[in-house]
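Per-entry structural report
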Amino acid sequence: RNDIVSIYHSSMLGVSSLTAMLKDQESSPSGDKVEYLEREVDVSAWSMALWSQYHFDFRARPFYTCAMTVGFVDFVSKVDKRLQSLHREKKHVTLKPVICFASKLDDTLTDYQVTLDRIDAIGPSREEVQMRHNSHDIFLSHGEEDNVMAMDMAKVWMKHRGFA
């Protein structure tokens with residue numbers, strides 16, 4: 001865990017040094033190891049594709065593959081069970097307005113309908129928006145027009161609700 005934190009929070013990694021590091025190493029963007037701060041890390045193909053579109057500071061987001069821990073999976077499972085329980089009891093997390101975006105081409109969740117079903121437990125004042133071509137993070141999809149569409153839809157929803 002400390003190794004991951006030190007890599008994630010390192011102030012030594014900048015765009016130019018990352019580019020040089022990757023050019024110096026023979027690797028494909030899918031799971032090959034890259035040496036960083038005297039440690040080998042797995043480069044995440046998704047993060048590298050994202051970085052190629054939106055050059056961001058790697059101190060803000062990891063560019064390497066992170067292991068999913070049993071504790072994380074257990075926590076997500078408990079939250080999911082609690083949401084299902086609330087829905088059965090006709091209770092909600094909030095009564096405030098909520099917008100839920102789900103995408104048919106989600107690259108993380110395989111069934112967008114599950115996302116739409118789970119939002120029912122969040123609150124009765126929810127609106128569901130189904131995107132066709134966006135990835136899991138609908139604002140960071142591969143197509144610029146899909147990102148703009150998602151941002152425009154969120155902005156219109158926020159203005160309609162008096163949030164913007």
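The structure reproduced in this document is the subject of the present report.

Right, let's talk about the overall build of the protein for a bit. What the protein contains, in helices and strands, is 6 helices and 4 strands. Put simply, the protein has 164 residues, and 28% of those count as buried. Partitioning the contacts of the protein with sequence separation of at least 6, the portion at a separation of at least 24 is 56%. Summed over its atoms, the accessible surface of the protein is roughly 11,000 Å², and 56% of this surface lies on carbon and sulfur atoms.

Further remarks concern the pairing of strand 4 (residues 126–131). Where strand 3 (residues 98–103) and strand 4 come together, 6 bridges link them in parallel fashion. When the bridges of strand 4 are listed, Ile99 appears paired with Glu127. Of the crossover connections in this fold, the one passing from strand 3 over helix 5 (residues 112–122) to the parallel strand 4 is right-handed.

So, about unusual backbone geometry. Of note, the phi angle at Lys90 is positive, near 60 degrees, even though the residue is not glycine. With relative accessibility at 71%, the residue Lys90 sits in the exposed group.

Our next topic: helix 6 (residues 144–161). Two residues of an α-helix separated by three or four positions point the same way, owing to the 3.6 residues in each turn. With 18 residues, helix 6 should reach 26 Å at 1.5 Å per residue; the first-to-last C-alpha distance of 26 Å fits that figure. Looking at helix 6, one finds that the buried residues are Asp146, Asn147, Ala150, Ala154 and Trp157. Angular distribution of buried residues about the axis of helix 6 spans 105 degrees; they occupy a single face of the element. Residues of helix 6 that are exposed and point over 90 degrees away from its buried face: Glu144, Glu145, Val156, Lys159 and His160. Count one or two residues on from helix 6 and you reach Gly162, which has phi positive near 80 degrees.

Bringing the packing of aromatic side chains into the picture now. Counted by the stated rule, this structure contains 2 aromatic pairs. Ring geometry for Phe101 and Phe139: centres 5.9 Å apart, planes at 70 degrees, overall edge-to-face. Placement of Phe101 in strand 3 and of Phe139 in the loop between strand 4 and helix 6 is noted, with a sequence separation of 38 residues between them. Of the residues examined, Phe101 reaches a relative accessible area of 17% and is grouped as buried. A ring pair is formed by Trp157 and Phe163, whose centres lie 5.7 Å apart and whose planes are at 40 degrees; its orientation type is tilted. For Trp157, a relative accessible area of 11% translates into the label buried.

Conventions we followed
Positions within a chain are numbered from 1, following the residues in the order the chain's sequence is written. Whole-chain, interface and lining totals are the exception, using all residues; otherwise, since this is a predicted model, local features are given only for residues with pLDDT of at least 70 and side-chain atom pairs are given and counted only at 80 or more. Just so you know, side-chain values use all the structure's heavy atoms and leave hydrogens and water out. Helix numbers and strand numbers start at the N terminus; a helix is a DSSP run of H or I with at least 4 residues, a strand a run of E with at least 2. Type-normalised accessible area, obtained with a 1.4 Å probe on protein chains alone, sets the label of each residue: buried when under 20%, exposed when over 50%, and partly exposed for intermediate values. Every residue pair with non-hydrogen atoms within 4.5 Å of one another is taken to be in contact. Computed by Shrake-Rupley with a 1.4 Å probe, the accessible areas treat only the displayed protein chains as cover when residues are assessed. One bridge is not enough; two strands pair if DSSP finds at least two bridges between them. Handedness rule for crossovers: strands pointing away from the viewer, path from the first strand over the helix to the second running clockwise, crossover right-handed. A helix is expected to span 1.5 Å multiplied by its residue count minus one. To be clear, the arc concerns the directions from the helix axis to the C-beta atoms. The criterion for an aromatic pair is that two Phe, Tyr or Trp rings (for Trp, the six-membered ring) have centres within 6.5 Å, with stacked assigned to planes under 30 degrees apart, edge-to-face to planes over 60 apart and tilted to the rest.

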